[in-house]
Amino acid sequence: MSERPPISPRSPRAALEPEQVPPPPKRSDRARNPFVIVGNAIFTILIILMIGAGATYYYGKQTLEAPGPLQEDKIVNIPARAGKRDIADVLLREGVINVNPWAFIGSVFALKASSDLKPGEYAFQKSASLRDVIATIVEGKVVQHAVTIPEGLTSEQIVARLSDNDIFTGSVREIPREGTLLPETYKFPRGTTRDQVIQRMQQAQKRVLAEIWERRNPDTPLKSPEQLVTLASIVEKETGRADERSRVAAVFVNRLRQRMKLQSDPTIIYGLVGGKGTLGRPIKRSEITQPSPYNTYVIDGLPPGPIANPGRASLEATANPARTRDLFFVADGTGGHTFTETYDQHAKNVAKLRTMEKQIQNDTVEPADDPPPAAAAPGSTDTNPTAATPPKPTNQRKPPRGRQGAAQQTNSPPVVQR
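Residues numbered from 1 in each chain as written. Predicted model: local features only at pLDDT ≥ 70, side-chain atom pairs only at ≥ 80, totals over all residues. Heavy atoms only, no water.

## Quick notes on the overall build of the protein chain
And step 1. Along its length, the protein chain carries 13 helices and six strands.
And step 2. By residue count, 41% of the 418 residues in the protein chain fall in the buried class.
And step 3. Approximately 24,700 Å² of the protein chain is accessible, and the part contributed by carbon and sulfur atoms is 54%. (Helix = DSSP H or I, 4+ residues; strand = E, 2+ residues; numbered from the N terminus. Buried < 20%, exposed > 50% of the residue type's maximum accessible area, 1.4 Å probe, protein only. Areas by Shrake-Rupley, 256 points an atom, 1.4 Å probe, with all protein chains shown as cover.)

Pasting the structure below:
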């Protein structure tokens, strides 16, 4: 039997007093070292930072990679001089992103793209993620708008078209020289200045003209690239059919070789209205012999410059015309032309066209209930009807004509017929 410690009797009051807890052990001198305290604090902070960084990385990765809110592809314009917050607001307003603007700004910093955001018009794909959106803006692949300049327009008409197109900015300081612009389909980003468009068209024309001039038929009587452009502009205005260009060019080249007047109607019109391009009415008989530097019914050889801006096809056809002896052509009533070498055969073709036009008028014009108006004064207008087939609209050519023009007043064979 073990011995129990003796029980010391206590008074009731002493029994109610709590027992004294032994004092805690003293901390070692090492634990009280300030370097240890600082080290522990730093370690704790690092742990917290690591946890925070991991959480931030996970959240940021999810934010960058998550599909965006776009339900379909959309084009959005980022204005010039827009800051990161402005860009975020635009993207949020257009529904391209659905994150807080500060999350967008943070993502831009995280991708090290802060200084690479470029203004412009961008096409964002359906459900594009935030990473894709930022990458699109950083790459600067802005939307390219296709702009088609038809062949046969004058420089003044081309400038008017550019002025009416709202994707361009600025104004054209000076109308370019006739024939120095290449009609073609170009692609430009929104905000391109109109002067930049003109410069690009001029550079393209110089490049194409140089290439075609090098490949020209050396037998043609054209002495310079400028003469090539001038004759090509006449060919451009005379026909819109690809299969006729080289043959129309051959007619004019043959006439130049034989020192015959070109006698082309579009040159009369250009002499009358210049860069406006269209007369808006038939040519008057008095205008056929009206002196003008461009009127090839009056002058010998080529006019002093182009009457329009010819396209590549007309330049190539003029540089390498068909090998024919044709000197005349007249509209055939079906949109094309009939070519002949002699005036006698040409006159028959003109008569055939007249008969066809008269028959069309008889079949389509109903008798008027009211008496017809008084006849115009003799010689006031060209009384010959136009052909039934309209011209190619993009070239704004006047309807084909079967008129013999001022041939009777010259020693050269009659006019080249439309």
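Back to the write-up after that little detour.
## Looking at the pattern of salt bridges
And step 1. For the coordinates displayed, the defined rule picks out twelve salt bridges.
And step 2. For the salt bridge of Arg 173 with Asp 195, the shortest nitrogen-to-oxygen distance reads 3.0 Å. A residue pair is termed long-range when its members are at least 10 positions apart, and Arg 173 in the loop between α6 (155–164) and β4 (185–189) and Asp 195 in helix α7 (residues 194–214) qualify at 22 residues.
And step 3. Among the residues examined, Arg 173 registers a relative accessible area of 71% and is labelled exposed.
And step 4. Here Glu 316 and Arg 215 are joined by a salt bridge, their closest N and O atoms 3.4 Å apart. Separated by 101 residues along the polypeptide, Glu 316 in helix α12 (residues 312–319) and Arg 215 in the loop between α7 and α8 (225–238) bring together distant segments of the chain.
And step 5. Classification of Glu 316 by relative accessible area gives partly exposed; the value is 30%. (Salt bridge = Lys/Arg side-chain N within 4 Å of Asp/Glu carboxyl O.)

## Re unusual backbone geometry
And step 1. Not every positive phi belongs to a glycine, and Arg 81 is a case in point at roughly 60°.
And step 2. Mapping Arg 81 onto the fold places it in the loop between β1 (74–78) and α3 (84–93).
And step 3. Of note in the backbone geometry, Arg 259 takes a positive phi value of approximately 55° without being a glycine.
And step 4. Turning to its location among the elements, Arg 259 is positioned in the loop between α9 (245–257) and α10 (265–273).

## Section: the confidence of the model for the protein chain
And step 1. Summing up the model confidence of the protein chain, the mean pLDDT is 82 and the portion of residues at 70 or higher is 76%.
And step 2. A low-confidence stretch, residues 369–418 stays under pLDDT 50, and its non-local contacts, those more than four residues away or across chains, total 137 contacts. (pLDDT = per-residue confidence, 0-100. Contact = heavy atoms within 4.5 Å.)

## Things to note about the packing of aromatic side chains
And step 1. On inspection of all chains with the given rule, the structure shows seven aromatic pairs.
And step 2. Ring geometry for Phe 168 against Phe 188: centres 5.5 Å apart, planes inclined by 80°, an arrangement best described as edge-to-face. Of the two residues, Phe 168 sits in the loop between α6 and β4 while Phe 188 sits in strand β4, which places them 20 residues apart along the sequence. One exposure class covers both Phe 168 and Phe 188, and it is buried.
And step 3. On the numbers, 6.0 Å between centres and 90° between planes, the contact of Phe 252 with Phe 329 is edge-to-face. Separated by 77 residues along the polypeptide, Phe 252 in helix α9 and Phe 329 in strand β5 (residues 328–331) bring together distant segments of the chain.
And step 4. Here the aromatic residues Phe 168, Tyr 186 and Phe 188 are joined through ring pairs into a cluster of three or more.
And step 5. Sitting over the ring of Phe 188, Arg 200 keeps its end group 4.7 Å from the ring centre.
And step 6. Against the face of Trp 213 rests Arg 216, its NZ or CZ located 3.7 Å from the ring centre. (Phe/Tyr/Trp six-rings, centres within 6.5 Å; stacked < 30°, edge-to-face > 60°. Lys NZ or Arg CZ within 6 Å of the ring centre and 35° of its normal.)

## Here's the deal with the packing of α8 against α12
And step 1. Put simply, α8 and α12 touch, their axes get as near as 8 Å, and they point 115° apart. Compared by their axis directions, α8 and α12 come out roughly perpendicular. As for how α8 packs across α12, the hand of that crossing is right-handed. Taken together, the residues of α12 that come into contact with α8 (itself represented by Leu 228, Val 229, Leu 231, Ala 232, Val 235 and Glu 236) are Ser 314, Leu 315, Thr 318 and Ala 319.
And step 2. A breakdown of the residues in the contact of α8 with α12 according to their chemical character gives seven nonpolar, two polar and one charged. (Axes fitted to C-alpha atoms, helices over the stretch in contact; angles between N-to-C directions. Parallel < 35°, antiparallel > 145°, perpendicular 65-115°, else oblique. Left-handed = near helix turned anticlockwise from the far one by under 90°. Nonpolar A, V, L, I, M, F, W, Y, C, P; charged D, E, K, R; others polar.)

## Focus: a nonpolar patch on the surface
And step 1. A contiguous nonpolar surface patch, about 460 Å² in accessible area, is contributed by Val 38, Ile 42, Ile 45, Leu 46 and Leu 49.
And step 2. For Ile 45, the position within the fold is in helix α2 (residues 34–65). (Patch = residues over 30% accessible without salt bridge, like charges linked within 9 Å, V, L, I, M, F, W, Y side chains within 5 Å.)

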